[in-house]
Amino acid sequence: DPANEGPSIVGVDFNIDETQTPSADRDTEIDITAQTGIKSLDVTIDCDNLDTRELGTMGIPARFDLCNIEGFEDTTGTMHPAEDVREKISALGFPIEDAVKDKSSIRLKIDKMFTGLLTGFPGNNNFILTVTENNGLSTTKTLKYYVPAN
């Protein structure tokens, strides 16, 4: 389809291209569409003060594909099996695996509990979202939260 520009990633009630202030009062919702279905939805968590080690101890890898959640070894050498990681990522509000794979549209919700947690981490807190659809086209958007230092 020549009209297919690749997947779209759009903030619900906010502009995803603008930096957000995290809130414990509302979930962050993002609409993702992919004409030929979602092949992968890569999330990379890149924060100034919430590092890979801390995420790992929470059982969350710094990078994961919502279509294919895998186990990982954190920086302390602890193994987190895939089923535990699925549970943790679901608890953040993310749809995973069959709720994402091959779908032509999904709403990604980041739970306010998690965005509320970010308020304790000053600086930039970025969620880099890369959607690849089944025809190989991909789009990347960065959901940016900025927390001022107290």
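Whatever comes next refers back to the structure up there.
Calculation notes
Residues numbered from 1 in each chain as written. Predicted model: local features only at pLDDT ≥ 70, side-chain atom pairs only at ≥ 80, totals over all residues. Heavy atoms only, no water. Pairing = 2+ DSSP bridges. Helix = DSSP H or I, 4+ residues; strand = E, 2+ residues; numbered from the N terminus. Axes fitted to C-alpha atoms, helices over the stretch in contact; angles between N-to-C directions. Phe/Tyr/Trp six-rings, centres within 6.5 Å; stacked < 30°, edge-to-face > 60°. Buried < 20%, exposed > 50% of the residue type's maximum accessible area, 1.4 Å probe, protein only. Arc of directions from axis to C-beta. Contact = heavy atoms within 4.5 Å. Core = buried A, V, L, I, M, F, W, Y, C linked by side-chain atoms within 4.5 Å.

A.B. asks: Is there a simple way to think about the sheet that holds strand β2 (residues 28-33) in this case?
C.D. replies: For sheets, the rule is that strands pair by backbone hydrogen bonds, running either parallel or antiparallel. Sheet architecture is open: three strands sit in the order β1-β2-β7, paired in antiparallel fashion. At either margin of the open sheet sits one strand with a lone partner, and together these are β1 (8-11) and β7 (105-110). With direction set aside, neighbouring strand axes in the sheet form an average angle of 20°. In terms of strand pairing, β1 meets β2 through four bridges, oriented antiparallel. Across the sheet, I9 pairs through a bridge with I32, a residue of β2.

A.B. asks: Honestly, the packing of aromatic side chains in this entry has me stumped. Any pointers?
C.D. replies: Working definition: an aromatic ring pair is given by the centre-to-centre distance plus the angle between the planes. Taken as a whole and assessed by the stated rule, the structure comprises three aromatic pairs. On the basis of an interplanar angle of 75° and a centroid distance of 5.8 Å, the ring pair of F64 and F94 is categorised as edge-to-face. One end of the pair, F64, is in strand β4 (residues 63-65); the other, F94, is in the loop between α2 (82-91) and β7, and 30 residues separate them in sequence. Note on accessibility: F64 and F94 belong to one class, buried. Ring geometry for F114 versus F127: centroids 5.8 Å apart, planes at 75°, classification edge-to-face. With F114 in helix α3 (residues 112-118) and F127 in strand β8 (residues 123-133), this residue pair connects regions lying 13 residues apart in the sequence. For F114, a relative accessible area of 3% corresponds to the buried category. Using a relative accessible area of 0% as the deciding quantity, one classes F127 as buried. One aromatic cluster is present, formed by F114, F127 and Y145 through successive ring pairs.

A.B. asks: Hey, could you run me through the pairing of strand β9 (residues 138-147) in this one?
C.D. replies: Every regular strand shows the same layout, with side chains that alternate between the two sheet faces. By the bridge criterion, 10 bridges tie β8 to β9 in an arrangement that is antiparallel. Residue T132 lies in a different strand from β9, and its bridge partner there is S138.

A.B. asks: Please clarify how α2 should be interpreted in this entry.
C.D. replies: Each turn of an α-helix holds 3.6 residues, which means side chains three or four residues apart point in the same direction. Inspection of α2 places A82, V85 and I89 among the buried residues, and these make up the whole buried set. Along the axis of α2, the buried residues cluster in a sector spanning 60°; they form a single face. Opposite the buried face of α2, at more than 90 degrees from it, the exposed residues are E83 and E87. Elements that come into contact with the buried residues of α2 comprise β4, β5 (72-73) and β6 (79-80). Once α2 finishes, G93 follows within two positions and takes phi at roughly 105°, a positive value.

A.B. asks: I would appreciate a short explanation of the nonpolar core in the present structure.
C.D. replies: Nonpolar side chains in soluble globular proteins tend to end up buried together. Formed by 37 residues in total, the largest nonpolar core has its most connected members in I30, I32, I38, L41 and L66. Within the residue set of this core, elements represented by two or more residues are β2, β3 (38-47), α2, β7, α3, β8 and β9. Among the elements that make up this core, the one with the highest residue count is β3 (five residues). Not counting chain neighbours up to four residues away, the residues in contact with L41 comprise I32, F64, D65, L66, C67, V100, I106, T130 and V131.

A.B. asks: For this particular structure, what's the right way to read the sheet that holds β3?
C.D. replies: The sheet built from four strands is open, its strands ordered β4-β3-β8-β9 with antiparallel pairing. At either margin of the open sheet sits one strand with a lone partner, and together these are β4 and β9. Looking at each pair of strands side by side, their axes are set apart by 15° on average, direction ignored. One ladder, built from nine bridges, connects β3 with β8; its direction is antiparallel. Across the sheet, residue V43 finds its bridge partner in β8, namely L129.

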